Amino acid sequence: IDTKARFYVEFEDGKAEWYGPEKLSDCLEVNADLDISNVAFGKLWDTFFVVFSDGSWEYHGKGLPRGLVRLVVEDRRRLSDLATVTLGPRGEWFVVAKNGRSWWGGLSDDLDNVISDVLDEADDEDGKERVVDFIDFGEKDSYFL
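Remember, predicted model here, so these are calculated numbers, not experimental data.

Basis of the calculations
Residues numbered from 1 in each chain as written. Predicted model: local features only at pLDDT ≥ 70, side-chain atom pairs only at ≥ 80, totals over all residues. Heavy atoms only, no water. Pairing = 2+ DSSP bridges. Helix = DSSP H or I, 4+ residues; strand = E, 2+ residues; numbered from the N terminus. Axes fitted to C-alpha atoms, helices over the stretch in contact; angles between N-to-C directions. Contact = heavy atoms within 4.5 Å. Salt bridge = Lys/Arg side-chain N within 4 Å of Asp/Glu carboxyl O. Buried < 20%, exposed > 50% of the residue type's maximum accessible area, 1.4 Å probe, protein only. 1 Å grid on protein atoms, 1.4 Å probe; cavity = no way out; pocket = protein on both sides within 12 Å on 5 of 7 lines; lining within 4 Å. Points joined across faces, edges and corners; volume = space filled by probe spheres on them. Nonpolar A, V, L, I, M, F, W, Y, C, P; charged D, E, K, R; others polar.

A. Summary view of the sheet that holds strand 7 (residues 93-97). If you trace the 3 strands from one edge of the open sheet to the other, you get 6-7-8, paired in antiparallel fashion. Where the open sheet ends on each side, the last strands, each with one partner, are strand 6 (82-87) and strand 8 (102-105). Across the sheet, the axes of successive neighbouring strands diverge by a mean angle of 10°, strand direction being ignored. Bridge analysis of strand 6 against strand 7 gives 5 bridges, and the strand direction is antiparallel. If you follow Val85 over to strand 7, its bridge partner there is Val95. The sheet contacts of helix 2 (residues 66-75) involve strand 6, strand 7 and strand 8, and relative to strand 7 the element is tilted by about 15°.

This is how it looks when you write it as structure tokens:
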């Protein structure tokens, strides 16, 4: 559930319910043969981003952050390899590709500093480099990292 009460939920039996812009219903109907990995809602009512389990994706709305559009459409040439996209109420965004690589933008200075601190810490116990594999955004600069 986002700040405008939009939501998408899928049940164990594969059925789903959602509330959001009409274009979301259109998108889900046209792609009914694809399993959904995640649905993210942006800062404007009509803004959403759907990632399908095969890595393909669709988005709609004027409120999609320019940096996100530049990444997925221009820089990555519409590759169908996404795993997750999250959007925040203030233009924040986070993307993970199926290979584990991640990108983000539109963050507050506070969150940007937290991420830098986490990534600058020593490698974790098994010697792997630290990565950011998920960020979710909420009201009043809240986040889940």
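From this point, the narrative continues.
B. Structural view of the pattern of salt bridges. Counted according to the given criterion, the structure contains 3 salt bridges. The salt bridge involving Asp141 is made with Arg90; its shortest N-O contact spans 2.5 Å. One end of the pair, Asp141, is in the loop between strand 9 (136-137) and strand 10 (143-144); the other, Arg90, is in the loop between strand 6 and strand 7, and 51 residues separate them in sequence. On the basis of relative accessible area, Asp141 is assigned to the partly exposed category, the value being 33%. Residue classification places Arg90 among the exposed residues on the basis of a relative accessible area of 53%.

C. Structural context of the pairing of strand 2 (residues 16-19). Looking at chain direction, strand 1 (residues 7-10) and strand 2 are connected through 4 bridges and run antiparallel. Counted as the bridge partner of Glu10 is Ala16 from strand 2. Following strand 1, the chain reverses through 5 residues before pairing antiparallel with strand 2; Gly14 in that reversal takes a positive phi of roughly 90°.

D. Layout of empty space enclosed by the protein. With the rule as written, the count across this model stands at 1 cavity of 30 Å³ or more. Its boundaries defined by the atoms lining it, the largest cavity holds a volume of some 40 Å³. In this structure, the largest cavity is lined by Glu92, Leu107, Ser108, Leu111, Phe137, Asp141, Ser142 and Tyr143. For the lining of the largest cavity, a count of residues per class yields 4 nonpolar, 2 polar and 2 charged.

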